[in-house]
Amino acid sequence: MPIFARGDVKAKLLILFFLRGVSFDATDDHAYRCLFELGLLDYFTFRNSIYELEQEGFIAEVPRAFGQTCKLTRDGTSALDMFEESLPLSERKAILAYIEEHTDEMLGQTLLTSSTEPADKGGYIVTFTASEGNRIVLEIKMQLAAEETAMLMRKNWAKQSGFIYDTVYERLTKE
């Protein structure tokens, strides 16, 4: 009887498996949408796992012209190679099927990304980016005092980005 990974270990392996399965530079948002839509991970588990994978050196966030992408590191690939079989085959097949079915959509969609980094003199700098293809259409940077506020704003970015873009455009094109 196979022994399957559970909890945080399973969440991290699912993310690593997704990143190895895509044939393009994927963002963490791509991974989240896949794993969430398949019912495999919730938002907070995903965010915590992405953070820990990066801190542990299993993934690296790579800056690109259209935002950051996530890449497996050598250690991430080795870990996945060793423990991939502890993910149920049905879940691995579902992830690969999702990738195959949604690749064109993921490549052509407006990518909404956000990141948080500590500010030099305390607080946090949050960057929100909307891009289409390889072109940034909107980028906003804000310095915030509380990490909780930064995380809440990042959570709401996808839902509110269209309204924010429209408002900025409308206000700045008035004479």
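Let me begin by describing the structure that accompanies this report. Each chain has its residues counted from 1, following the order in which its sequence is written. Only residues with pLDDT of 70 or above have their local features reported here, since the model is predicted, and side-chain atom pairs are shown and tallied only from 80 upward, although totals for entire chains, interfaces and linings are computed over all residues. Excluded from the side-chain calculations are hydrogens and water; all other atoms, namely the structure's heavy atoms, are used.

Notes on helix H6 (residues 147–172)
Rules: The secondary structure listing takes helices from DSSP runs of H or I that are at least 4 residues long and strands from runs of E that are at least 2 residues long, numbered from the N terminus. A helix is expected to span 1.5 Å for every residue after the first. Two axes define the bend at a residue: one fitted to the seven residues ending there, one fitted to the seven starting there, and the bend is the angle between them. The rule is simple: take the accessible area with a 1.4 Å probe, protein chains only, and divide by the maximum for that residue type; under 20% is buried, over 50% is exposed, in between is partly exposed.
Taking 1.5 Å of rise per residue, 26 residues should cover 38 Å, yet H6 covers just 30 Å from first to last C-alpha, more than 12% shy of that figure. Bending of H6 peaks at approximately 65° at the position of Lys159. Listed as buried for H6 are Ala150, Arg154, Trp157 and Ser161.

Examining the packing of aromatic side chains
The condition is simple: Whether two aromatic rings pair depends on their centres lying within 6.5 Å, for rings of Phe, Tyr and Trp, where Trp uses its six-membered ring; planes under 30 degrees apart make the pair stacked, over 60 edge-to-face, and the rest tilted.
Enumeration over the complete set of coordinates arrives at five aromatic pairs. Plain terms: the ring middles of Tyr32 and Tyr43 are 5.6 Å apart, the flat faces sit at 90° to each other, and that makes the pair edge-to-face. A residue pair is termed long-range when its members are at least 10 positions apart, and Tyr32 in helix H2 (residues 28–37) and Tyr43 in helix H3 (residues 43–55) qualify at 11 residues. Taking the relative accessible area as the measure of exposure, Tyr32 reaches 15% and is therefore buried. Taking relative accessible area as the criterion, Tyr43 reaches 19% and is therefore assigned buried. Considering the side-chain rings of Phe128 and Trp157, the 5.1 Å spacing of their centres and the 45° angle between planes classify their relative orientation as tilted.

Looking at the pattern of salt bridges
What counts, and what does not: Salt bridges are counted wherever a side-chain nitrogen of Lys or Arg sits within 4 Å of a carboxyl oxygen of Asp or Glu.
Inspection of the entire model under this criterion finds 10 salt bridges. Here Asp81 and Arg20 are joined by a salt bridge, their closest N and O atoms 3.0 Å apart. Remark: Arg20 occurs in helix H1 (residues 7–21) and Asp81 occurs in helix H4 (residues 74–83); sequence separation between them is 61 residues. Here the salt bridges do not stand alone but share partners, grouping Arg20, Asp81, Glu84, Glu85 and Arg92 into one network.

A closer look at the nonpolar core
Put simply, the rule is: Only buried residues count toward a nonpolar core, which is a set of Ala, Val, Leu, Ile, Met, Phe, Trp, Tyr and Cys residues joined through side-chain atoms within 4.5 Å. Note on contacts: a residue pair is in contact if any heavy atoms of the two residues lie within 4.5 Å.
One finds Ile15, Phe18, Leu19, Leu35, Leu41, Phe46 and Ile95 to be the most contacted residues of the largest nonpolar core, which totals 29 residues. Elements represented by at least two residues in this core include exactly H1, H2, H3 and helix H5 (89–108). Of the residues forming this core, the biggest block, eight residues, is contributed by H1. Contact partners of Ile95, with chain neighbours within four places excluded, come to Leu14, Phe17, Phe18, Cys34, Leu35, Leu38 and Leu40. Counting eight residues, the second-largest nonpolar core is a separate cluster that includes Leu112, Val126, Ala130 and Leu138.

What about the environment of Phe36?
Secondary-structure assignment places Phe36 in helix H2. Residues Phe36 and Phe46, 10 residues apart in the sequence, show an inter-C-alpha distance of 8.7 Å.

Some remarks on the layout of surface pockets
Using the following cut-off: Cavities and pockets are found on a 1 Å grid laid over the protein atoms alone: a cavity is a set of points where a 1.4 Å probe fits but cannot escape, a pocket is an open set with protein on both sides within 12 Å along at least five of seven lines, and a lining residue has an atom within 4 Å of such a point. Grid points are joined across faces, edges and corners, and a volume is the space filled by probe spheres set on the points. Residue polarity is assigned by list, with Asp, Glu, Lys and Arg as charged and Ala, Val, Leu, Ile, Met, Phe, Trp, Tyr, Cys and Pro as nonpolar; anything else, Gly included, falls into the polar class.
Here the largest pocket defines a volume of roughly 500 Å³. Considering the residues around the largest pocket, the lining is formed by 18 residues, among which Tyr51, Glu54, Thr116, Met151 and Arg154 are closest to the centre. Mapped by element, the contributors of at least two residues to the lining of the largest pocket are H3, strand E3 (110–118) and H6. Here the lining of the largest pocket gets six residues from one element, more than from any other, and that element is H3. Counted by class, the lining of the largest pocket contains five nonpolar, six polar and seven charged residues. Space inside the second largest pocket adds up to approximately 350 Å³.

Remarks on the state of the cysteines
Applicable threshold: Note on terminology: pairs of cysteine sulfur atoms within 2.5 Å are recorded as disulfides.
This structure, assessed with the given rule, holds zero disulfides. The thiol of Cys34 is unpaired, and the distance to the nearest cysteine sulfur, on Cys70, comes to 13 Å. For Cys34, a relative accessible area of 0% puts it in the buried group. What makes Cys70 buried here is its relative accessible area of 5%.

None of the figures reported here should be taken as evidence of function without further support.
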